[in-house]
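Tertiary structure, described
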Amino acid sequence: MHRILSELKSFKPQFKINSGQIEILKEPIDFYVNLHRGIRQSQKRIVWSSLYIGNGNLEDFLIESMNVQMRRYEQMRISLLLDFNRAQRQDYKRQLSSQIHYVDLLTRNLQTHNIQLGLYRHPKLPTIFDTLNGSTFREIFNVHHMKWYIFDDKVILTGGIVQLHYHQQIWRNNILQIDRIDMWCCMVSADIADYLDDAQSLLLQHSYNLSTVFSLQFDKTRSEPCYRKKFFKEFLQSWKIFKYSYEDQVPKEEFEEEKTDEQEKSQQSEQLSKPSDQGEQKNEEITKEEIMKYYQQDVMIQQKLEERKEQATNLLEKSFNKGDVQNIITRIEKTLYKGQQFEIEDGEDAYIVLTLHIPYIQTQEDQTVLTTIIKHLNTDIVKEIIWASGYMNFTDQIINFVNNCKNNIKLITASPKANGFYKAGRIKGYIPYLYRVYESKLDAQIYEYNRSGWTFHAKGLWAEFKDDSYLTVIGSSNYARRSDERDNEIQCYIFSKCPELKEKLYKEREYLISKSIQVDKSTIQNDKEVKLSLSVKILAKLFRSLL
């Protein structure tokens, strides 16, 4: 761990927090309840960046809660940033777009100037597509994909959006209600919250604002995205100023210096020359056995909790209005989440590296960090690597790493039926087939998430090192060509040695694997339902940079 951190010293900013300030969420309902709690407990700011916000009763209730907090605290500030195109697209069930939430906040808080609501339009989107208002084709080229949800000093990072249930249009024009599994990480850090808040303020300066009559407005002192050269120049200047202000942001305690190869060999020789301590080995073995035993016993408790969460989710699903949602959420909090608080004093040091990836100004932040990490993951300091992506169209760099990795590596992805585009109709119905083509080119243990009524949208990385430290990555990137070349993304790299957090992360990844089926190249090639024909392979090659 310290080898990697030492090499990343020059990357700014970096943050050091207590691992007790980090919480791993498991199900969509956990995410939703934490959003509700965050709004209710906020006194100074609510800052959200997302692809879009859903339009169900649950999402309506969250916006209503924001209105309540605005009336309760005069100093409260609300900042919301969504993708320009996706936020204007109407859903299939209620025929409403995310803009309705913006208008609701504006019309009910006309006397305040503490609300910032923006729609970020990617500058590389061809202007001809502006005529296709509300069409999915406008989202093909690029989107604002960064997701964070801030409540005062509490931050939730995820690859998911604010929608407890996803509605997908399938063949014969039926509406199928599905749930989506993702990854959610909640942490408390004023420094991280401030950094992302400042980043959002920058993005909002170059975004469209929405009026109470649904008209779009842009700051007249700045160039609109359609004037690409001017927009790029102005945005890049704003970005440099923002990043420069965090040049001195480093953890209070310096990382250990990386040991040379000679020092490593010398230390290993000393350890080998010393008599082995049987007692310590026994204690270490007992600790591992206890962890496994605890995990197995905990499975039964988790299964019961899952059943109760499913019942609670079904109740929310049947709610008819915001009043119903409020009553149900109150009951859920009292029963399922009673007494859950951060135990900061029980944690250890955790180092956080955040990257903000904006392709059109070539920030290169995530590429720099990921390249450094991949280099070390292919050495003998690693025990195990698990990599997850709902859309496994890896970049060439990651493909080369996976296929030539010296260490044990497992991949988790969506099965064709757990892909969000499964039987979506028309051209989109072929998308799960294309991802299967990319999947077939990987030489690793592959697990396909296969859970009835669920799609797989999780993306992340878990790496355990031989010094008992570990790395986990959570964010919005799918590690795909599209993420690398087109969309705005955020990634959070967490390094720590805390055994309690390590146990939570172990449960997280094992939970995903437990709902998955292991496949190999033979399984993929001989699948009679998802046949990889020559035409599918050609399409996969043609559209790779868009997926």
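Look up: the structure comes first, before these words.
Quick caveat: nothing in here was measured; it's all calculated off a predicted structure.

1. A short note on empty space enclosed by the protein
- Counted according to the given criterion, the structure contains 4 cavities of 30 Å³ or more.
- Its boundaries defined by the atoms lining it, the second largest cavity holds a volume of some 70 Å³.
- Mapped onto the lining of the second largest cavity, the elements with two or more residues apiece are β15 (408-414) and α12 (431-439).
- Looking at the lining of the second largest cavity, the element that brings in the most residues is α12, giving 4 residues.
- Taken together, the residues of the lining of the second largest cavity break down into 5 nonpolar, 4 polar and 2 charged.

2. Some details on the sheet that holds strand β16 (residues 445-449)
- Read from one edge of the open sheet, 9 strands run β1-β13-β20-β19-β18-β14-β15-β16-β21, paired in mixed fashion. Pairing within the sheet leaves two strands with one partner each, and these edge strands are β1 (14-18) and β21 (516-519). Averaged over all adjacent pairs, the angle separating strand axes in this sheet is 20°, with direction ignored.
- This element, helix α5 (residues 190-205), spans β1, β13 (349-357) and β20 (489-496) of the sheet and lies at about 5° to β13.

3. Focus: the state of the cysteines
- On inspection of all chains with the given rule, the structure shows 0 disulfides.
- Just so you know, cysteine 185 is unpaired, no disulfide at all, and the nearest cysteine sulfur is the one on cysteine 492, 6.0 Å from it.

4. So, the nonpolar core
- Trp48, Trp148 and Leu196 are the most contacted members of the largest nonpolar core, which totals 103 residues.
- Considering each element in turn, this core owes the most residues, 8 residues, to α5.
- Once residues within four sequence positions are removed from consideration, leucine 196 is found in contact with Trp148, Ile150, Val155, Leu157, Leu354, Leu356 and Ile490.

5. Quick word on the sheet that holds strand β6 (residues 148-151)
- Pairing within the open sheet is mixed, and its 9 strands lie in the order β2-β10-β7-β6-β3-β4-β5-β11-β12. The sheet terminates laterally at β2 (22-25) and β12 (216-217), the two strands that pair on one side only.
- One ladder, built from 2 bridges, connects strand β5 (residues 115-120) with strand β11 (residues 208-210); its direction is antiparallel. In the sheet register, glycine 118 faces β11, and the bridge partner there is asparagine 209.

6. Notes on the side chain of asparagine 478
- By the element assignment, asparagine 478 lies in the loop between β19 (470-475) and α13 (481-485).
- The exposure class assigned to asparagine 478 is buried, which follows from its relative accessible area of 8%.
- A distance of 3.5 Å separates a polar atom in the side chain of asparagine 478 from a polar atom in the side chain of lysine 459.

7. Side note on the packing of helix α10 (residues 365-377) against helix α11 (residues 396-403)
- Interaxial distance between α10 and α11 falls to 11 Å at its minimum, and their mutual angle equals 10°. The angle between the axes of α10 and α11 places the two elements in the roughly parallel class. Contacts between α10 and α11 involve Leu370, Thr371, Ile374 and Leu377 from the former and Gln397, Ile398 and Phe401 from the latter.
- The residue inventory of the contact of α10 with α11, partitioned by class, reads 5 nonpolar, 2 polar and no charged.

8. What to know about the pattern of salt bridges
- With the rule as written, the count across this model stands at 26 salt bridges.
- The salt bridge involving glutamate 7 is made with lysine 375; its shortest N-O contact spans 2.4 Å. You can see glutamate 7 sitting in helix α1 (residues 2-7) and its partner lysine 375 sitting in helix α10, a full 368 residues away along the chain.
- Judged by its relative accessible area of 45%, lysine 375 is partly exposed.
- Measuring nitrogen to oxygen at the nearest pair gives 3.0 Å for the salt bridge that ties aspartate 396 to arginine 544. Taken together, the residues aspartate 396 in helix α11 and arginine 544 in the segment after α16 (534-542) connect sequence positions 148 residues apart.

9. A look at the packing of α5 against helix α6 (residues 228-244)
- The interhelical angle for the contact between α5 and α6, taken along N-to-C directions, is 165°, at an axis separation of 10 Å. Here α6 runs roughly antiparallel to α5, going by the angle between their axes. For α5 against α6, the interelement crossing comes out right-handed. Each of Tyr195, Asp198, Ala199, Leu202, Leu203 and Gln205 in α5 lies in contact with α6, whose residues at this interface are Phe235, Ser238, Trp239, Phe242 and Lys243.
- Class assignment for the residues of the contact of α5 with α6 results in 7 nonpolar, 2 polar and 2 charged.

10. Things to note about unusual backbone geometry
- Positive phi values are uncommon outside glycine, yet aspartate 152 reaches one of about 55°.
- When you line up the elements, aspartate 152 lands in the loop between β6 and β7 (154-158).
- For aspartate 152, a relative accessible area of 15% translates into the label buried.
- The backbone phi angle of aspartate 468 is positive, close to 70°, even though this residue is not glycine.
- Locating aspartate 468 in the fold gives a position in the loop between β18 (460-465) and β19.
- A relative accessible area of 36% means that aspartate 468 is categorised as partly exposed.

11. Remarks on the packing of aromatic side chains
- Following the criterion strictly, the structure yields 25 aromatic pairs and no others.
- With 4.8 Å between their ring centres and 65° between their planes, tyrosine 208 and phenylalanine 218 make a pair best called edge-to-face. With a gap of 10 residues between them, tyrosine 208 in strand β11 and phenylalanine 218 in the loop between β12 and α6 connect regions that are remote in the sequence.
- Under the relative-accessibility criterion, phenylalanine 218 is labelled buried at 11%.
- A centroid spacing of 6.2 Å and a plane angle of 50° characterise the contact between tyrosine 430 and tyrosine 433, whose relative ring orientation is tilted.
- For tyrosine 430, a relative accessible area of 46% corresponds to the partly exposed category.
- Three or more aromatic residues link up through ring pairs in this structure, and these residues are Phe15, Tyr195, Trp239, Phe242 and Tyr246.
- For the cation-ring pair, lysine 26 lies above tyrosine 511, with the distance from its terminal atom to the ring centre recorded as 4.1 Å.
- Over the face of the ring belonging to tyrosine 52 we find arginine 86, whose NZ or CZ atom lies 3.6 Å from the ring centre.

Definitions and limits used
Residues numbered from 1 in each chain as written. Predicted model: local features only at pLDDT ≥ 70, side-chain atom pairs only at ≥ 80, totals over all residues. Heavy atoms only, no water. 1 Å grid on protein atoms, 1.4 Å probe; cavity = no way out; pocket = protein on both sides within 12 Å on 5 of 7 lines; lining within 4 Å. Points joined across faces, edges and corners; volume = space filled by probe spheres on them. Helix = DSSP H or I, 4+ residues; strand = E, 2+ residues; numbered from the N terminus. Nonpolar A, V, L, I, M, F, W, Y, C, P; charged D, E, K, R; others polar. Pairing = 2+ DSSP bridges. Axes fitted to C-alpha atoms, helices over the stretch in contact; angles between N-to-C directions. Contact = heavy atoms within 4.5 Å. Disulfide = S-S within 2.5 Å. Core = buried A, V, L, I, M, F, W, Y, C linked by side-chain atoms within 4.5 Å. Buried < 20%, exposed > 50% of the residue type's maximum accessible area, 1.4 Å probe, protein only. Polar contact = N/O pair within 3.5 Å; in protein donor to acceptor, adjacent residues only side chain to side chain. Parallel < 35°, antiparallel > 145°, perpendicular 65-115°, else oblique. Salt bridge = Lys/Arg side-chain N within 4 Å of Asp/Glu carboxyl O. Left-handed = near helix turned anticlockwise from the far one by under 90°. Phe/Tyr/Trp six-rings, centres within 6.5 Å; stacked < 30°, edge-to-face > 60°. Lys NZ or Arg CZ within 6 Å of the ring centre and 35° of its normal.

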